[in-house]
Amino acid sequence: MATEPIWKSGYDEEPGIAIGETPKNASFHDDPELGADVVDIARIEAVYKKLDRRILPAFWVLYFLCSAIRSNVGLAQTMNTKQGHDLASVLNLTPKQVSTGLALFYVCYVLFDLPSNLVMSKLSPHVWMSRIVVGVGIIGTCLTAMKAAWSFYLLRLLLGIVIAGMWPGMSYYLTLFYPPSRTGKRIGRYFTAAQVSAAVVGLVSAGFQEMDGLQGLTGFQWMFLLYGLVGIVVGVSLLWWLPDRPLPPGEVRNRDGWRKWIPQSKPALTGEDARIHYEDLTRVYHRSAWNIRDLWHVVIDWRLWPLVIMYFGVVGVGIGTQSYGTVIIRGINPDLTSIQLSLLFAPIWIMDLIAILLVTPLSDRFHHHRALFFSIAVLFQIAGLLITTFASDGWARYGGLLIVGFGLGPTVPITMTWTNEIFQPRHGEVGVAAASALVSGLGNLGSILTTYALYTGWPEDGEGKHKYRKSNLVMIGILCGSILAAGTMVVLLRFFRTSSAKKASSASSTSEGQGVVIDGAARREVQQRGLGRLWVRR
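Since we're looking at a predicted model, the values are computed, not measured. (Residues numbered from 1 in each chain as written. Predicted model: local features only at pLDDT ≥ 70, side-chain atom pairs only at ≥ 80, totals over all residues. Heavy atoms only, no water.)

Student: Please give an account of helix H4 (residues 125-142) that cites residues and values.
Tutor: With 18 residues, H4 should reach 26 Å at 1.5 Å per residue; the first-to-last C-alpha distance of 26 Å fits that figure. Burial runs high along H4: 15 of the 18 residues are buried. (Helix = DSSP H or I, 4+ residues; strand = E, 2+ residues; numbered from the N terminus. Expected span 1.5 Å × (residues − 1). Buried < 20%, exposed > 50% of the residue type's maximum accessible area, 1.4 Å probe, protein only.)

Here it is, written out as structure tokens:
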């Protein structure tokens, strides 16, 4: 078994640095270039790939369903419009009421993201994730029964409450099994579920529209019902599918109290794999209980706020595009049918998916340059919005939306990964849990802006030759703020970084009073991997 790490006081000469002793049976060899012991990369990568096969498919499926349930209200606005069976017609909603209902979801999302993630850090993470997905499925099913504006508002509020903590919780959960600098590609992989969901939901909605009137339900009611029921089933299955937090070799999981009633999931790793993971990521096995003071230190850390501004812009544009993509396309060509709108909506998210798969692996390999990858992707979004706004040809304006989709893809995973890299070394587990929730929650104020104040929430902007010009320009403005925040973060990190920070993390400095285990992953990933062996099968 690996030797316990030696912890130095956070008030010693080099604040916050703790050095873990090298276990006698660890898989290390001497690297002449680094002049230090380095993990056998092939062996540790095999362990992380085994974790990928256990965790990422479950995350992909749950995120696909939750994204579909969350966003299908946008599609319901244009389904079966000729029959008068679209969302607004059935519920007698004005465009402003639709915008209000969309925004109410994000109000609760902002308020409850942090409490949800903090509870998750105290309880069993996989149980809490199961609770979230089951809750989303139940509320999604109830959306079928909406009859008026008040029920629309109520269910959107409840959906925001139960889904809060899902996205930052997934980011936090990954840091229990992977080094933060390796999470970008993984976040990107399951984030593709949102893009596939947007594309598939758009395509499948054409089928739901053909079910309009069946058993007395409209097309969008069938969509709400079936997605909700599948969500409930998947949520329950996560109790067995997702592993609980890892334990040090030889330690037995506590099954007292309420835990004895919860199904016990199979450990993520066993035997030699578990030992290697312990040696490579020792920090997650020796967590200390956090308190209010620890949480306060996270909240007042200045590094949090540039990340919030970065997220505010890109998630605002992403949700705005997701909620009003069909509305924007209809503004380009009012003669399109509802089925044609659904089919044209899907390629936006295919472009988004392609960008994720291309960029997030590279951002992990060059993890010192997250801001550069982020900023280039945001510039794609700005270019696309300018084309959509000012191009004279309708197909060129639609092409602008495709460029927006491509630019959106990598930005959210990169922001969440950078949050993990900065806050785990400084504040430990509570740093990741709280910072990821605050970045996601406060950043989603951008979603409130784009869903409530823009497009259908700004009736005057839907008139004239260039429909929604002002809404598009507002989104360009918040994207410029995101680029500025990323650049500011880079400058300030370089200014405040100390020599001890460089030992602890390639992304941030280490705060006073915080102990950090310098485990195998931390020693190895001070340097970037670059393009070496990118396409070589290990």
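From this point, the narrative continues.
Student: So what about the pattern of salt bridges? Which residues, and what values?
Tutor: Applying the stated criterion across every chain, the model contains 12 salt bridges. Taking the shortest distance from any N to any O, the salt bridge between Lys-50 and Asp-273 comes out at 2.4 Å. Linking Lys-50 in helix H1 (residues 41-76) with Asp-273 in helix H9 (residues 271-280), this pair joins segments that are 223 residues apart in sequence. With its nearest N and O atoms 2.2 Å apart, the salt bridge here joins Glu-272 to Arg-275. Placement of the pair is Glu-272 and Arg-275 together in helix H9, with a separation of three residues, close to one helical turn. The exposure class of Arg-275 is buried, given its relative accessible area of 13%. (Salt bridge = Lys/Arg side-chain N within 4 Å of Asp/Glu carboxyl O.)

Student: So what about unusual backbone geometry? Which residues, and what values?
Tutor: Negative phi characterises most residues that are not glycine, and trans characterises most peptide bonds. Backbone geometry at Asn-92 places phi at a positive 55°, although glycine is not the residue there. Secondary-structure assignment places Asn-92 in the loop between helix H2 (87-91) and helix H3 (95-122). You can call Asn-92 exposed: its relative accessible area is 64%.

Student: Kindly report on the environment of Pro-57, identifying the contributing residues and their values.
Tutor: Locating Pro-57 in the fold gives a position in helix H1. On a C-alpha basis, the gap between Pro-57 and Tyr-190 in space is 7.7 Å, while along the polypeptide they are 133 residues apart.

Student: I'd like a rundown of empty space enclosed by the protein, residues and numbers included.
Tutor: Counted according to the given criterion, the structure contains six cavities of 30 Å³ or more. Here the largest cavity defines a volume of roughly 240 Å³. Residue lining of the largest cavity: 19 residues in total, with Arg-70, Phe-191, Val-315, Ile-319 and Val-412 positioned closest to the centre. Its residues assigned to classes, the lining of the largest cavity comprises 13 nonpolar, four polar and two charged. Taken domain by domain, the makeup of the lining of the largest cavity includes at least three residues from each of domain 1 (40-247 + 272-282) and domain 2 (291-496). (1 Å grid on protein atoms, 1.4 Å probe; cavity = no way out; pocket = protein on both sides within 12 Å on 5 of 7 lines; lining within 4 Å. Points joined across faces, edges and corners; volume = space filled by probe spheres on them. Nonpolar A, V, L, I, M, F, W, Y, C, P; charged D, E, K, R; others polar. Domains from an automatic or database assignment.)

Student: Quick rundown of the packing of aromatic side chains? Include the residues and the values.
Tutor: Counted under the stated rule, the structure contains 22 aromatic pairs. Aromatic pair Trp-60 and Phe-64: ring centres 5.5 Å apart, planes at 15°, arrangement stacked. Of this pair, Trp-60 and Phe-64 both sit in helix H1, four residues apart, which is roughly one turn of that helix. Accessibility expressed as a relative area gives 15% for Phe-64, which makes it buried. Lys-122 extends its terminal NZ or CZ atom over the ring of Trp-290, reaching a point 4.4 Å from the ring centre. Lying across the ring of Trp-128, Arg-131 places its NZ or CZ 4.3 Å from the centre. (Phe/Tyr/Trp six-rings, centres within 6.5 Å; stacked < 30°, edge-to-face > 60°. Lys NZ or Arg CZ within 6 Å of the ring centre and 35° of its normal.)

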